[in-house]
Each structure stands twice: as structure tokens, then as C-alpha cells.
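Understanding the architecture of this molecule
For reference, the chains in residue letters:
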Amino acid sequence: MTRTRLPALLVACAVLFTACSDGGSPSAEKESDPRPTGGAPAAGGTDGDLHWSKCTGKLTAMAGLDCATLDVPLDPAEPDGDRVGIALARKAATGPADERIGSLVINPGGPGGSGLEFLANAASSFPSSLTDRFDLVSFDPRGVGESDPVRCLDDDQKDAQMEGDLTPDTPEERTRIEEDQTALREGCTERNPEMVTHMSTADVAADLDRIRTALGDEQLNFLGYSYGTSIGATYAAMFPTHIRAMVLDGSISPSASAADQAMVQATGFERTLANFIAACDADQTCALAPDAAAAIAATRAELESKPVTVEDSSGSRTLNRDLFDYGLATALYDTSTWGPTAQAIADIREGGAATFLALVDRQTGRQADGSYDNSSDAQVMVNCADQEDRPTAEQAAQDEARIAQAAPTFGALIGAGLTGCDDWPEPAQPTPAPKADGAPSILVIGTVGDPATPYEWAQEMTQALSGSVLLTYEGDGHTAFLRGGQCIEDAVVGYFVDLEVPSAGTRCPAQSSSDEFGGVRDELIEQLADSGLPQELATCVVDGMIERVGEAEFNDMVLKNEQEEITKLAQATALECATSGGG
């Protein structure tokens, strides 16, 4: 799963910080970087030859990032063969040049997540204690986003597959799922004949080492979220002596079968849903209190018999029970979205259905106009390149039933399709088992209430990587750094800057959850303050935004990730606050 957290708000933070300072427009041209790390994105660079220039993508330009392209071998085993482009983005270190440590390379997860979008969204939230000392660098892995993207299905095919029954329980429904899987596999292999056997995580790790070399770093500093932990662990197995510091936050399982992964993930979402329900029932501001469990169960049952039709700019769409569960799982990633999600459930037939479809779209890469990015295509190509087990139809049916029984809300959805990678082409470079022989201590962060990458997987990864240390966050949500408070931040910063590894068994307390169902006001104020705005100005801006459109509409814009609308609203309100003395 991709690591995402209120992305529209994070972009707004970057824009607001620029608009309210003397820094000028984030898209303004600047002199080319004199350091040896730079390259023209259009032409691309080769190993050791990067030349940065201002980004031209909508989000990356808005965030004021630099971009470059690095050409790497299609097959890492054939360095002189065909090549593919890897798109990179950078936020240059802001501290004195003689205190710069190097580059901190970040991957947000997926597979299929765009590192460029993540950096544009999140750069302003990184603590200055890191951004003073490191260039923040992220990349779109091979086949993803702006890095020569793969494609498997067209938009209509993707819509049709998502509109089908995602939790088959009849022979006819199972046949439909199998036909969809076949169409997806054939689309991936026929449309991407060269890439299909070169999308393994081992291929990505080899690209990462070439990125390290091109950045001019003798050793790698790496932060991997979610699936990014697999990239990091694979890199540690392949290039252990090339690591200076590595943080793996929200770890995937290093060894579980596809069925076992689905079981742990389904029960993880089930646990977080129970936490959501308990928190809602204890908070009188929650729209589903005092019996959230009953309200959710009633909504699911109603959608099973009577789905909701939604009209939007892309046409007519339908929210059924499967897609409701899909959207609910997405909402559980971050406690800051719990309040608006509860309200959407309460208003499922008066606008809430559109919100839930937007939550689904955040996972599938569907855009407002009905088109899709290629994140889901890349995800299946990486997953099937890495997955070694190929269960029979009988084994898969037994496992699906077991998972559905263990996780009554999410089990059938997450456990479906275990045979999806059957008959997939073998990767040219299989991904090795995670290990860290010869590497320095690696910091693994596990969140007790993480629904997507459950805490057990962080424990397993710590055992698999010899010499690594587990840092525990006691809260809910997917991943911990940038959302787990000062304890997590201090540990990560101390490790990256001074190579100080936390003591074994260190646990960080959960952040206060008293405002979980009060909307996203406090969350945004905190993000704006963290990005550099004075607290008084940040409060003025957020309250002004909410006053302009109303709290319900504002929360809905956040859940739907309406980046352009939020950014425009933020800019107008920020200028008003600045000129009126609100800051």
C-alpha cells in the first residue's frame, strides 16, 4: 500500500509557505545547481550524470522541487543493454553547505506509488533538523508514474473490473474474477513485453543503487514506507555495505505467503475498525455515535440490496457494499480522516457515497475525469514478479474461506484473487529474501494499530534483518514517521543525523486522539505550522478556509483529495490573512 496522508493539505502547506514568505513563486526559474548532482529531465542522464532543473509537473512545480531523469539498464545484469528512464525529484538541503550530510532517498510504497507526488505532498512536513542536513530525494520506480510507465488495461476495462463483484461466492462470480485476472495478465504481458520480466523489487533495488551513485553519495540514506520497506530490505540483501542509514516504516512481511499476508492484513484492518468504532462511540461529536458498529452494519446491508448511484464529472457510478468496504479500509489508514468518514457513512445517500468512491479512487489511481494513472498496473506487475507461491484453485478457495471467517468485514475483499499471479512470467531477476549481513543497524518502525502493514510484520522484518532494531509506535494508522509525534521524530532524526540507534524495546506513546472526530482543522494547523508559518497565521488560514466553504464541505474536499480546489482556497485565504494582519 502507498503511504498517503492528507496529500492535498500537504501541497497547500508548501504553497502557503511560499505565498506568505519572500521566496517568490514556486515555479519561478532559478540558476542551475552547481553541485555535480543535476541533469535535464527531458534528455535524461546516465549513471553518475544528473543535472537538476525546475520541475514542470503540476504538483512538483507547485511544491518548488527540482527534477531529473536517470537512464538505467532495463536488465541490471546487462548494463550496456536497453535502458529505461527513472524520474527523480529533489528538495535541496536548506542548511549550510559544510553541514550537509548527503541525500535522503525516500519511497512512499505501493507498489506503484509515485515518489515524485509523495515528495511534493510531504516535503514541507519534514523536520528542519533533517532538511537542513539532507537533500530530500524521491523517485518513481521503474514502470511507475513518469518513469516510462507500464500499462495493462484501458480505463473502461478498469472501471468494468471495479464494478464487478469483488467478493465472489458463486461459481459464476468466481468465473468472472478468473476472466478478469486473465485479461489483466494478458494486458500486462502484451502491452509491456520488455518490462514484464523486469519489474521485480530486485530490479528496483538495483536502480536505487544507481541512483545513489548518480547522487554522488558513497553510502545510501534511505527511508522506505510500506512497500518501500521491501525495496529497502532487498537493497540490504544485495548491497549491504552501501548503506549508511536505513529506516523501514510500516514493514511488509519478509517471508509470508500470499494467503498468510492476506490473513494478517485482513485481521489488521478488522482490529483498526474496532478501534475506530470504540473511539467513535466514546466521542459525542462522531456522526455514528453512540453505536457505530450498528450504523456501519446497517449501511453495508443496505448497500448490498440497494446500491447508490452517483453522478459526477466522469459519468454515472455505483457504490455497492464491496466498494464501500474498499473505501472504509482506505479511511482507516489515518485517524485524521475518521471524523469526515463517519459523517460520510451517516450521509451515505446524501453525498456520502461520492466521498466513499473518492476514497476508493485514492487506492486505484482513478482521476476525477474517469481516467486512471498506472499505479494499479505497476502494482500487479511488481507483486506478481515477487510472489513465489502459486496456489491451486482448491487451495485458494480454502484460504479465502478461512480469511473471510477470521475477518468478517474485510476478509472476503482482501482474500479474493489469490490465484491472480498464476501463469505469470518469471522475473529475470528474482527478489532475494531480506537479510542484512554486513549492513549497519537498520531501524524498523512498527505501528501497533497499523491496518495495512500490521505490527507483526515489523517484528518479522526485525528478525530477518540481522542487527536491526524495532521502534514501536503505540498508536493507530498506517506508518509512524511524520504522524507519530515527537518521540518518533526524535528517534528517526537522531538515527539519520548522528547514527544513534534507539535502544531495543523503545516504544513511543500514541498521539492524543481526542479530536479524531472533530474534522481535520487541528491537523492542518499543525501541518502549516510545521511547514514554517507562524501559529497565529496558520490558525487564521485554516479557520478562514473552513468559514468560506463550511466545515462539512471542507472535510469532504480533503477526503476526496481535491488538490487544486484546496490549494486555490488556501492561497486566497492566506493572502487575506497576511494583508489583514491575521498573522
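Refer to the structure above for everything that follows.
The numbering scheme is per chain: residues are counted from 1 as the chain's sequence reads. Totals for whole chains, interfaces and linings use all residues, but because this is a predicted model, local features are given only for residues with pLDDT of at least 70 and pairs of side-chain atoms are given and counted only at 80 or more. Side-chain metrics rest on all non-hydrogen atoms present in the structure, leaving aside hydrogens and water.

With respect to the state of the cysteines
The definition used for a disulfide is geometric: two cysteine sulfur atoms within 2.5 Å. If you walk through the whole model with that rule in mind, you get six disulfides. There is a disulfide in this structure between cysteine 280 and cysteine 286, and the S-S distance comes to 1.9 Å. Residues cysteine 280 and cysteine 286 are joined through a disulfide that is left-handed, its torsion about the S-S bond being -85°. Assigned by exposure class, cysteine 280 and cysteine 286 land together as buried. When accessible area is computed with a 1.4 Å probe and restricted to protein chains, residues below 20% of their type maximum are described as buried, those above 50% as exposed, and intermediate ones as partly exposed.

Some remarks on the pattern of salt bridges
Salt bridges, as used here, are contacts in which a Lys or Arg side-chain nitrogen is within 4 Å of a carboxyl oxygen on Asp or Glu. What the rule picks out here adds up to 21 salt bridges. For arginine 90, the salt bridge goes to aspartate 66, with nearest N and O atoms at 3.1 Å. With arginine 90 in strand β3 (residues 83–91) and aspartate 66 in strand β2 (residues 66–73), the pair connects residues that are 24 residues apart, well separated along the chain. Classification of aspartate 66 by relative accessible area gives buried; the value is 3%. Under the scheme used here, helices are H or I runs from DSSP no shorter than 4 residues and strands are E runs no shorter than 2 residues, and both carry numbers assigned from the N terminus.

Re empty space enclosed by the protein
To locate leftover empty space, one rolls a probe as large as a water molecule over the atoms. Think of a 1 Å grid over the protein atoms and nothing else: a 1.4 Å probe that fits but is trapped marks a cavity, an open set flanked by protein within 12 Å on at least five of seven lines marks a pocket, and residues with an atom within 4 Å of a point count as lining. Grid points are joined across faces, edges and corners, and a volume is the space filled by probe spheres set on the points. A complete count under the given rule lists three cavities of 30 Å³ or more for this structure. Estimates place the volume of the largest cavity at around 110 Å³. Contributing to the lining of the largest cavity are Asp159, Met162, Glu163, Arg317, Thr318, Leu323, Leu357, Val360, Asp361, Thr364, Arg366 and Tyr372. Every element with two or more residues in the lining of the largest cavity is listed here: α5 (155–163), β9 (315–319) and α13 (348–364). Sort the elements by how many residues they give to the lining of the largest cavity and α13 lands first, with four residues. In the scheme used here, Gly and all other residues not listed as nonpolar or charged are polar, with Ala, Val, Leu, Ile, Met, Phe, Trp, Tyr, Cys and Pro taken as nonpolar and Asp, Glu, Lys and Arg as charged. A class-by-class count of the residues in the lining of the largest cavity yields five nonpolar, two polar and five charged.

Points about the pairing of strand β8 (residues 308–312)
In the sheet, β8 pairs with β9 via five bridges, with the strands oriented antiparallel. What sits directly across from aspartate 312, in β9, is glycine 315. When DSSP finds two or more bridges between a pair of strands, those strands are recorded as paired.

Description of helix α10 (residues 292–305)
Compared with an ideal rise of 1.5 Å per residue, which puts 14 residues at 20 Å, α10 spans 20 Å between its outermost C-alpha atoms and is within 8% of the ideal. What α10 keeps buried is the set Ala292, Ile296, Thr299, Arg300 and Leu303. Projected down its long axis, α10 shows its buried positions confined to an angular sector of 95°, all on one face. Those residues of α10 that are exposed and aimed more than 90 degrees away from the buried face are Glu304 and Ser305. What a helix should span is 1.5 Å times the count of its residues minus one. Directions drawn from the helix axis to the C-beta atoms are what define this arc.

As for helix α7 (residues 201–215)
In a regular helix each residue adds 1.5 Å, so 15 residues correspond to 21 Å; α7 covers 21 Å between its end C-alpha atoms and thus fits that length. Burial analysis of α7 places 14 of its 15 residues in the buried class, which makes it a mostly covered element. At the C-terminal side of α7, glycine 216 shows a positive phi close to 85°.

Digging into the sheet that holds strand β6 (residues 220–225)
Read across the open sheet, the 10 strands follow the order β1-β2-β3-β5-β4-β6-β7-β10-β11-β12; overall the sheet is mixed. This sheet does not close on itself; its edge strands, each paired only once, are β1 (53–54) and β12 (507–508).

Some words on unusual backbone geometry
That bond from glycine 110 to proline 111 is cis: its omega, -10°, falls within 30 degrees of zero. Structurally, the position occupied by proline 111 is in the loop between β4 (102–107) and α3 (115–122). A positive phi angle is found at aspartate 148, which is not glycine, with a value near 45°. Note on placement: aspartate 148 falls in the loop between β5 (134–139) and α5.

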